[in-house]
Amino acid sequence: MGAPSPASYSACFLSGFLLAAALPSLGTDACPSIAWIPFQKSCYALLQGSSEVYGMDDARELCRGNASGADIITINSKDENTFIQNNFHSNWHGPEYISLGMFFDTDDDIFKWYDDSKVNFTNWIEEESNNELLNTCATMHTASGGWKKVSCEHLPLTKILCEATVLYEKTRFFETAWTSIIVVLSTITVAVSAAFLWFLYQRRISSRPRCSTHNSITQIPHDNETFFIDEVEYSA
């Protein structure tokens, strides 16, 4: 078997290079920056408030200014509530209470999220009552994870917990990753095919018949003289 061709070496090197380039992208975080922590389909960041944050509108604008599509936190499940509570214990060093993106709609007599998503989960510390809830918002106790109703004029805004969806970014990320993988696999296939064809070519050359000569001398008597004739024998 002959040595691999330079073309097969080049193809193998290229496939290895592409694979090395593709693998790091598989671990790329889909969140806006390292300040954001991913959970399920969202990323979360605790931002420092400022003297210009006076109310809910300012808090929401602060979130939007830090990431496209971000908004003040909404909590839609017990798992999400527990995730936020645990991060206040381990990663975030925040205030005793944080503001939730929730308000009481007196027209419909129910609590709603500011981003218009449906309220599927609540975790009130006290039993919920809809009496005298005009201009009422909600906060979360960071140590226990319990929710508390509070006047929208007295929301804790020293730090703002923001949420950004990453569904679109994750979809695009996986599409890019799969494209890279397909390119790598295609290159490897070409490299293997080239090496195999080179092997067949070398094998065919090595199996061709080779011409060899054998010299022998035949003695023929003629008129008392002897002539020596070289005979050339050909063998395959």
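Refer to the structure printed above.
The residue numbering used here restarts from 1 in each chain and proceeds along that chain's sequence as written. In view of the model being predicted, local features appear only for residues whose pLDDT reaches at least 70, and side-chain atom pairs are presented and counted only at 80 or more, with totals across whole chains, interfaces and linings using the full set of residues. Note that water and hydrogens are dropped before the side-chain values are worked out from all heavy atoms of the structure.

Novice: Which parts of the structure should I look at to understand the overall build of the chain?
Specialist: Numbering of helices and strands starts at the N terminus; helices are DSSP runs of H or I of at least 4 residues and strands are runs of E of at least 2. Along its length, the chain carries four helices and 10 strands. Element order for the chain, N to C, with α for helix and β for strand: α-β-β-α-β-α-β-β-β-β-β-α-β-β. Each residue is assigned to one of three classes by its accessible area relative to the maximum for its type, calculated with a 1.4 Å probe on protein chains only: buried under 20%, partly exposed between the two thresholds, exposed over 50%. Looking at the chain as a whole, 32% of its 236 residues qualify as buried. Long-range contacts, defined as pairs at least 24 residues apart, comprise 61% of the intrachain contacts of the chain with a sequence gap of at least 6. The contact criterion used is simple: two residues touch if any of their non-hydrogen atoms lie within 4.5 Å.

Novice: Sorry if this is basic, but what is going on with the sheet that holds strand S5 (residues 110-113) here?
Specialist: Strand pairing in a sheet is mediated by backbone hydrogen bonds. Such pairs are either parallel or antiparallel. Pairs of strands are assigned from DSSP output, requiring at least two bridges between the strands. Pairing is antiparallel across the open sheet formed by four strands, whose spatial order is S5-S4-S6-S7. Both outer strands of the open sheet, S5 and strand S7 (147-151), are each paired with one neighbouring strand and no more. Within the sheet, the average angular offset between the axes of one strand and its neighbour, ignoring direction, is 40°. A fitted line through C-alpha atoms serves as each axis, taken over the contacting stretch for helices, and the angle formed by two N-to-C directions is quoted from 0 to 180°.

Novice: Before we go on, may I ask you to explain the state of the cysteines in this structure?
Specialist: A covalent bond between the sulfur atoms of two cysteines is what we call a disulfide. Put simply, a disulfide is two cysteine sulfurs that come within 2.5 Å. Following the criterion strictly, the structure yields three disulfides and no others. Residue pairing for Cys-31: its cysteine sulfur links by disulfide to Cys-43, the two sulfurs lying 1.9 Å apart. Residues Cys-31 and Cys-43 share a disulfide whose torsion about the S-S bond is about -85°; that sign makes it left-handed. Here the residue Cys-31 occupies a position in the loop between helix H1 (6-26) and strand S1 (37-39), and Cys-43 occupies one in strand S2 (residues 42-48), the gap between them amounting to 12 residues. Across this residue pair, the class does not change: Cys-31 and Cys-43 are buried. The partner cysteine of Cys-137 in its disulfide is Cys-152, sulfur to sulfur 1.9 Å. Taking the sign of the S-S torsion, 100° for the link of Cys-137 and Cys-152, the bridge is right-handed. Placement of Cys-137 in strand S6 (residues 136-141) and of Cys-152 in the loop between S7 and strand S8 (159-165) is noted, with a sequence separation of 15 residues between them. For the pair Cys-137 and Cys-152, one class covers both residues: buried.

Novice: Which parts of the structure should I look at to understand the nonpolar core?
Specialist: Most often, soluble globular proteins keep nonpolar side chains buried together rather than apart. What we call a nonpolar core is a set of buried Ala, Val, Leu, Ile, Met, Phe, Trp, Tyr and Cys residues that are connected through their side-chain atoms within 4.5 Å. Core analysis: the largest hydrophobic core is formed by 44 residues, its most contacted members being Trp-36, Ile-75, Ile-84 and Trp-147. Of all the secondary structure elements, the ones that give two or more residues to this core are S1, S2, helix H2 (56-66), helix H3 (78-90), strand S4 (97-105), S5, S6 and S8. Per element, the largest residue contribution to this core is five residues, and it comes from S2. If near-sequence neighbours (up to four positions away) are discounted, Trp-36 is found in contact with Cys-31, Cys-43, Tyr-44, Ala-45, Asn-66, Ala-67, Ala-70, Cys-162, Glu-163 and Ala-164.

Novice: I tried to follow the environment of Val-166 on my own but got confused; where do I start?
Specialist: Inspection of the secondary structure assignment puts Val-166 in the loop between S8 and helix H4 (167-206). Residue Val-166 is classed as buried on the basis of its relative accessible area, which comes to 2%. Those residues in contact with Val-166 that lie beyond four places of it in its chain are Ala-30, Cys-31, Lys-41, Ser-42 and Cys-43.

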